[in-house]
Amino acid sequence: MRYGQGVVRSTSQTTASAAARAWRLPSPAARGSRAAASARQSTLRTANLALVARQVLSSPTPISRADVAAMTGMTRSTASRLADDLVGAGILTELDPAPSSGPGRPAVPLAPPRATFVALGLEVNVAHMAVRAIDLSGELLTERVVLDDFSGSDPAVVLRRLATLVADVLALPMIRGARPVGAGIALPGLVCDGVLLRAPNLGWSGVRPSEHLASVLEGNGLSLEVGNEASLGALTVGRSRPVLAPQWPSFIYLSGENGIGAGIVRDGQALEGTNGFAGEIGHVQIDPNGPLCSCGNAGCLERYAGRRSILAAAGLAEDAHPEELVAAWQAGDDGARQAISSAAHALGVGLGAAVNLLDIPVVVLGGHLAPLAEVLRPEVEEELGRRVLASRWTELEILQAGSDQMPGATGAAWSLLETVVADPSAWM
């Protein structure tokens, strides 16, 4: 299952004077020159290792050493030597040689390895918690998922349960046999410097997850990165594994369960804002006279297009699946039709403002909105057509995210695995 990378010379001297010259200490200037040259060589090697790793791991299909040389401008011997080092370190792997009808040895394809490096992606959201172990190939090696209602929960209790899942995963032989990169946790709220400042739908504030997970993570030599669920989920959009370029270079990704968050990607880079708070589109005000939101404001987008809000407006139970709402809409149920229309209008208002500000006309619906994409799209597009200033000259696209139900956990793991590819020498 995948988830939407010196030459040593010796000489001999035959005269005493030559021997003396050989053992004489170099001047400070000469020593500095040699140190600088060594540093430059080390820096160049570090950069070239990263270049080769990224070239292979960003390719949608396996490529050979000769391909790497041609793509990077390196000599074949340099590319081959660097690739050998990366294979030896488990950052790349060799596949069976490709069939060849011509002269010479057949090319040996290079590809992402399985189960050599592994990162843990953790997630706590309103209706679930999860731990995923993912490798450089994007393979989901194992996962643990708990479905529950965590709104208004005690973070200490919830994170202790999460720590138990982490311990279960780390104890597996396949995981113990791999090299751990780290752990990342995706949370639905404002995150800064490892602290969840506020998550209205969880009812959490001022939580430092590392304090609750330290016993299990530090005991296994793992550090913890903390990030926003929607921003991390956006890293998986249009990709099947880490490092691959996304299908759409710029897009706005909507995610959520009860609430709605956004991950903003421009030219392949996530935009997180000065403090990492960008993307809280769920709290864009749609109607100042609207219903009170858990954030303390009134008439926020998620009060119309959040999962529970849509289901309640349609007369369905709060634990109903989105597919039930789609079925009711298709059957012509008035409540379902009105709920979808209200959500589409609110999304159009919020997204219209976002598109006007960011000039990113591609919107990807994820989370609870993904199963509703087909029924939401016509009215959202109509609303955007009225509200986006450049709609006459810009093709607005409303797309559906993939089937991953926990992209935040996946993105948390991917973000860590990409640090290996960015600096392979640090892991060799």
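Treat the numbers as computed from the prediction; the structure is a model and nothing was measured.

**Student:** Lay out the sheet that holds strand β8 (residues 195-199) in plain terms, naming residues and giving numbers.
**Tutor:** A sheet is described by the order of its strands in space; here three strands give the open sequence β7-β8-β9, paired in antiparallel fashion. Across the chains shown, the open sheet's two edge strands, defined by having one partner strand only, are β7 (190-192) and β9 (204-207). Strand after strand, the sheet turns through a mean of 15 degrees between neighbouring axes, direction not considered. Bridge analysis of β8 against β9 gives three bridges, and the strand direction is antiparallel. Following the sheet pairing, Ala199 is matched in β9 by Trp204.

**Student:** Requested: an account of the UniProt feature "domain: HTH iclR-type" (unreviewed entry) in the protein chain, with residues and values cited.
**Tutor:** Within the UniProt annotation, "domain: HTH iclR-type" (unreviewed entry) is assigned to residues 59-93. From the first C-alpha to the last, residues 59-93 spans 14 Å; its make-up is 60% helix and 3% strand.

**Student:** Break down the packing of aromatic side chains for me, citing the residues and quoting the values.
**Tutor:** The tally for this structure, following the rule as stated, stands at two aromatic pairs. Taking the centre distance of 6.0 Å and the plane angle of 85 degrees together, the rings of Phe117 and Trp427 count as edge-to-face. One end of the pair, Phe117, is in strand β3 (residues 117-124); the other, Trp427, is in the segment after α14 (407-422), and 310 residues separate them in sequence. Centre to centre, the rings of Trp248 and Phe251 are 6.5 Å apart; their planes meet at 75 degrees, and the pair counts as edge-to-face. Accessibility assignment for this pair places Trp248 and Phe251 in one class, buried. One cation-aromatic arrangement involves Arg337 over Trp329; the distance from NZ or CZ to the ring centre is 4.0 Å.

Conventions used here
- Residues numbered from 1 in each chain as written.
- Predicted model: local features only at pLDDT ≥ 70, side-chain atom pairs only at ≥ 80, totals over all residues.
- Heavy atoms only, no water.
- Pairing = 2+ DSSP bridges.
- Helix = DSSP H or I, 4+ residues; strand = E, 2+ residues; numbered from the N terminus.
- Axes fitted to C-alpha atoms, helices over the stretch in contact; angles between N-to-C directions.
- UniProt positions renumbered as here; feature names shortened; annotations may be inferred.
- Phe/Tyr/Trp six-rings, centres within 6.5 Å; stacked < 30°, edge-to-face > 60°.
- Buried < 20%, exposed > 50% of the residue type's maximum accessible area, 1.4 Å probe, protein only.
- Lys NZ or Arg CZ within 6 Å of the ring centre and 35° of its normal.

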